[in-house]
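Listed below, chain by chain, are the residues.
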Amino acid sequence: MYKMCAEATAGQGELLWHVLAQNTSSHTLCGKNTGGEDAALIAATAAADRYCPPCLAAFRSAIQHHADASREPRAASAGSQ
């Protein structure tokens, strides 16, 4: 399961959401070290939310790879019947 964390962007008044890498609570899919899933989110009012494009691209790729891999065994076993 993937989790997300937000970092407050300095001087821009927005939160930038990252996808945390699996099996770690401090590194994102884009390679940023957040210092922990709770450390990045500061109790601040943000004018806007944005999502980290490299994190989302890596997440999309991981999900697609998982979906493709889960379909392969079914196709192989269906052909052998």
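Refer to the structure above for everything that follows.
Residues numbered from 1 in each chain as written. Predicted model: local features only at pLDDT ≥ 70, side-chain atom pairs only at ≥ 80, totals over all residues. Heavy atoms only, no water.

Participant: I'd love a proper account of the pattern of salt bridges, names of residues and values included.
Facilitator: A full pass over the atoms with the stated rule returns 3 salt bridges. For Lys 32, the salt bridge identified is with Glu 7, shortest N-O distance 3.2 Å. Separated by 25 residues along the polypeptide, Lys 32 in the loop between β2 (14–20) and β3 (48–51) and Glu 7 in strand β1 (residues 3–8) bring together distant segments of the chain. The partly exposed category is assigned to Lys 32, whose relative accessible area is 33%. (Salt bridge = Lys/Arg side-chain N within 4 Å of Asp/Glu carboxyl O. Helix = DSSP H or I, 4+ residues; strand = E, 2+ residues; numbered from the N terminus. Buried < 20%, exposed > 50% of the residue type's maximum accessible area, 1.4 Å probe, protein only.)

Participant: Which residues make up the pairing of β2, and what values do they have?
Facilitator: Taking burial as the measure, the 7 residues of β2 include 6 buried ones, the bulk of the element. Inspection of the sheet shows β1 paired to β2 by 6 bridges, in the antiparallel sense. Bridge pairing in β2 links Ala 6 to Trp 17. From the end of β1 to the start of β2, which pair antiparallel, there are 5 residues, and Gly 11 there has a positive phi angle of about 75°. Of the pairings in the sheet, the one linking β2 to β3 comprises 4 bridges and is parallel in character. For Glu 14, the partnering residue across the bridge sits in β3 and is Ala 48. (Pairing = 2+ DSSP bridges.)

Participant: I'd like to hear about the sheet that holds β3, residue by residue, with values.
Facilitator: By way of backbone hydrogen bonds, the strands of a sheet pair with one another, either parallel or antiparallel. With mixed pairing, the 3 strands of this open sheet are ordered in space as β1-β2-β3. Only two strands of the sheet have a single neighbouring strand rather than two, namely β1 and β3. When the angles between neighbouring strand axes are averaged without regard to direction, this sheet yields 30°. (Axes fitted to C-alpha atoms, helices over the stretch in contact; angles between N-to-C directions.)

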